[in-house]
Amino acid sequence: MFSCGTSVVPSLEPILLKHGNDAGQLLQILTDVQQAFGYIPPEAVNRIAAHLNIPLARIRGVASFYSFLKLEPHGEYRLLFSDNITDRMLGNQSLLDEMCRQLWLQPGKVSEDGLVSIGLTSCTGMCDQGPAMLVNGRVITRLTPQRVREIGDLVRRRIPLEDWPAEYFVVEDNIHRAGPLLSNPFTPGDALRAALGMGEAEIVDAIKRSGLRGRGGAGFSTGLKWAACQQAPGSEKYVVCNADEGEPGTFKDRVLLTRQANWMFEGMTVCALAIGAGRGYLYLRGEYRYLLEPLQDVLQQRREAGLLGRDILGHAGFDFDIEIHLGAGAYVCGEESALIESLEGKRGIPRNRPPFPVTHGYRQQPTAVNNVETFCSAALALAMGVDNFRAMGTEKSSGSKLISVSGDCARPGIYEYPFGVSVQEVLDDCGAVNTLAVQISGPSGICIGPNEFNRKLGFEDLPTAGAFMVFDDSRDMFEVARNFVHFFAHESCGFCTPCRVGTSMLKQTMDKIAEGHGTRHDLAEVENLDLVLQTTSHCGLGRTACNPVLHTLKHFRPAYESKLKSLDFEPAFDLDGALARARRMTGRDDAGAHLKAEDV
Ligand SMILES: Cc1cc2nc3c(=O)[nH]c(=O)nc-3n(C[C@H](O)[C@H](O)[C@H](O)COP(=O)(O)O)c2cc1C
Ligand code: SF4
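Basis of the calculations
- Residues numbered from 1 in each chain as written.
- Chains lettered and ligands numbered in written order.
- Predicted model: local features only at pLDDT ≥ 70, side-chain atom pairs only at ≥ 80, totals over all residues.
- Heavy atoms only, no water.
- Helix = DSSP H or I, 4+ residues; strand = E, 2+ residues; numbered from the N terminus.
- Pairing = 2+ DSSP bridges.
- Axes fitted to C-alpha atoms, helices over the stretch in contact; angles between N-to-C directions.
- Core = buried A, V, L, I, M, F, W, Y, C linked by side-chain atoms within 4.5 Å.
- Buried < 20%, exposed > 50% of the residue type's maximum accessible area, 1.4 Å probe, protein only.
- Contact = heavy atoms within 4.5 Å.
- Near = heavy atom within 4 Å.
- Nonpolar A, V, L, I, M, F, W, Y, C, P; charged D, E, K, R; others polar.
- pLDDT = per-residue confidence, 0-100.
- Polar contact = N/O pair within 3.5 Å; in protein donor to acceptor, adjacent residues only side chain to side chain.
- Areas by Shrake-Rupley, 256 points an atom, 1.4 Å probe, with all protein chains shown as cover.
- Phe/Tyr/Trp six-rings, centres within 6.5 Å; stacked < 30°, edge-to-face > 60°.
- Lys NZ or Arg CZ within 6 Å of the ring centre and 35° of its normal.

## Considering unusual backbone geometry
- The linkage connecting G130 with the following residue, P131, adopts the cis geometry, with an omega of -5°.
- With respect to the element layout, P131 can be found in the loop between β2 (116-121) and β3 (133-135).
- That bond from R353 to P354 is cis: its omega, 0°, falls within 30 degrees of zero.
- Note that P354 resides in the loop between α14 (336-343) and β9 (367-371).
- Here the phi dihedral of W104 falls at roughly 55°; this positive angle occurs in a residue that is not glycine.
- Relative to the assigned elements, W104 resides in the loop between α6 (92-103) and β2.
- One non-glycine residue with positive phi stands out, namely D311, at about 45°.
- With respect to the helices and strands, the residue D311 is situated in the loop between α13 (292-304) and β8 (321-326).

## A word on the sheet that holds strand β1 (residues 77-82)
- Pairing in this open sheet of four strands is mixed, and the strands run β2-β1-β3-β4 from one edge to the other. In this open sheet, the two strands that pair with only one neighbour each are β2 and β4 (138-140). Geometrically, the sheet is characterised by an average inter-axis angle of 25° between neighbouring strands, direction not taken into account.
- Across six bridges, the pairing between β1 and β2 is parallel. Bridge pairing in β2 links S82 to T121.

## A look at the nonpolar core
- Grouped together as the largest cluster of nonpolar side chains are 146 residues, with contacts concentrated most on I48, Y66, W226, L257, M264, F265 and L295.
- For Y66, the contacting residues outside a window of four places in its chain are L27, Y283, A328, G329, A330, C333, S342, K346, R347 and G348.

## Some remarks on the site of ligand 2
- Close contacts around ligand 2 come from 13 residues, with C493, F495, C496, C499 and C539 the closest.
- Here the shell around ligand 2 is built from residues that sort into eight nonpolar, five polar and no charged.

## Quick notes on the confidence of the model for the protein chain
- Averaged over all residues, the pLDDT of the protein chain is 94; the fraction at 70 or higher stands at 97%.
- Low confidence marks residues 1-5, where pLDDT is under 50. Its contacts with residues over four positions away, or in another chain, come to twelve contacts.

## Section: the site of ligand 1
- Around ligand 1, the surrounding shell holds 18 residues, and the nearest of these are G216, E336, N370, N371 and T374.
- Between an oxygen atom of ligand 1 and a main-chain N or O atom of R215, the distance comes to 3.3 Å.
- At 3.1 Å from an oxygen atom of ligand 1 is found a side-chain nitrogen or oxygen belonging to K225.
- Within the complex, the protein chains bury 88% of what would otherwise be the 620 Å² of accessible surface of ligand 1.
- The biggest single contributor to the shell around ligand 1 is β9, with three residues.

## Let's talk about the packing of aromatic side chains
- Within this structure, the stated rule accounts for 15 aromatic pairs.
- Pairing F487 with F488 gives two aromatic rings, centres 5.4 Å apart and planes at 55°, and the pair type is tilted.
- Residue F487 is classed as buried on the basis of its relative accessible area, which comes to 8%.
- Looking at F488, the relative accessible area reads 1%, which means it is buried.
- Through pairs of rings, three or more aromatic residues link up here, namely Y77, W164, Y168 and F169.
- Between the NZ or CZ atom of R138 and the centre of the ring of F169, over which it lies, the distance is 4.0 Å.
- Between R213 and the ring centre of F459, over which it is positioned, the NZ or CZ distance is 4.2 Å.

In structure tokens form, the structure reads like this:
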């Protein structure tokens, strides 16, 4: 990293050149500048604007959208504690307090000497080995009070990050149950060879027959998506792999990217062959930056093996290559149209749909966007034969599914099952006891109690992108929901009013209840808010934002009621409290200087 005083201009030229002086690469350019200087200096903003011939406002607009990009210095060391509920259960808050004590600093502030800042960030995807934190974008897992003290000392002594103990940065895979995806017996090229033996329409047909449905959450038929993209008119077509994995509690793509990257790229290449694409992008969440180099290496190996590039596997005219783009800390960019905006170097605001990406995606061209696990599964289906693939799982959910287990259990980590496994079976396998609740598919998913543990994971019953968070009977489910609600309020992109205002109102309501001022009226209001958010939000984030409260209310109402006042209604604003300053200034505290109960 350059020091903040270094002139930025000489270091900017290679960054701009690396990205082809292309304004469409603005996010990647800004990410590299942030990496080089620790923030995006005004001089860099001016230079980039002049060089790419784009307005300053566009650069500032993009930079201010992404939480990892900073337009002001944020310290030579930027410490961000992961703040998922599972980090909280593992004590992240007392570790943050300890770090603040060590460095004599308040959260959210930069030290006066510009050395360090401390803050919180949304789930880093390390729920199986938390509490975790990011230091200048690099992930550190398994924090303990001892490790926090050591980090404080390294920061105070200004030890460069490269010289910190390597064990801090170890990320484990924690695979406890492997199936065909994780213990894949095939070699790179097997799925492609099978696909090359078919025509384009036949590949799509095979994927349809496999019954494969998207693993990113919505469960749309992959075959239908590829068919729509294949048939859409367009001068260029694109394949995009969604590796944003921002849903708290989900970390299965992290493990696939570590263990099965070759197979994921193989799936993308098969898709390119089927739809006629020449270019692919992997959109990698910023928190997984440590995977960038290993992934680049896999791409290079594939080029050398003739599995990427020109005339793939000697098939004249089959040209396809893949580029990796980094995200910069915005959960909403996992939504496919927001992801495409981000790929184009813009703020990650979801687009109006229709038109859908299959006809108007990247650069308004037909684009197939699929999740990491979907591409791995597509390649697997072709390599093992679609009938064999279809034979796994259930009628409407074929194949296997990776589950990311975290929370109150003896063995958090990754479990691969054929679809149709029951919640209880997963709980038994991961060593969970006295389980009060399981949150399936993250905050936007569903929370179930013990009377539903016989339900099955699959599109027929409990669809899931993979998160499986376990809470035992020592947990307060109100606090779990409150953490999720804070997450949505933080991650709302602010584009549409119902979500921007609604998520913030929901957060205030939960905080009001937590502070002992909640009433039954507040609970009823959540249902009204849900109706507004469901019917008027622009994207899935707003539409699911009330789920955590509604689901926990359904199963764990006493956790809420024990915190409510007996009153039916109490205003969110404490009017009498607000007059306290005026009373102090006037030296009055008599009855006339207070509002009467009936006025409040
Ligand atoms: C707010 C929001 C966040 C999302 N995040 C992700 C994500 O991190 N990864 C993902 O694959 N899909 C995510 N999705 C779903 C994508 O929009 C899209 O459905 C998916 O990438 C399609 O791939 P699939 O068909 O293979 O599942 C998200 C959707 C929403 C509304
Ligand atoms: S629903 Fe929320 S996240 Fe989605 S576009 Fe509207 S403000 Fe942004």
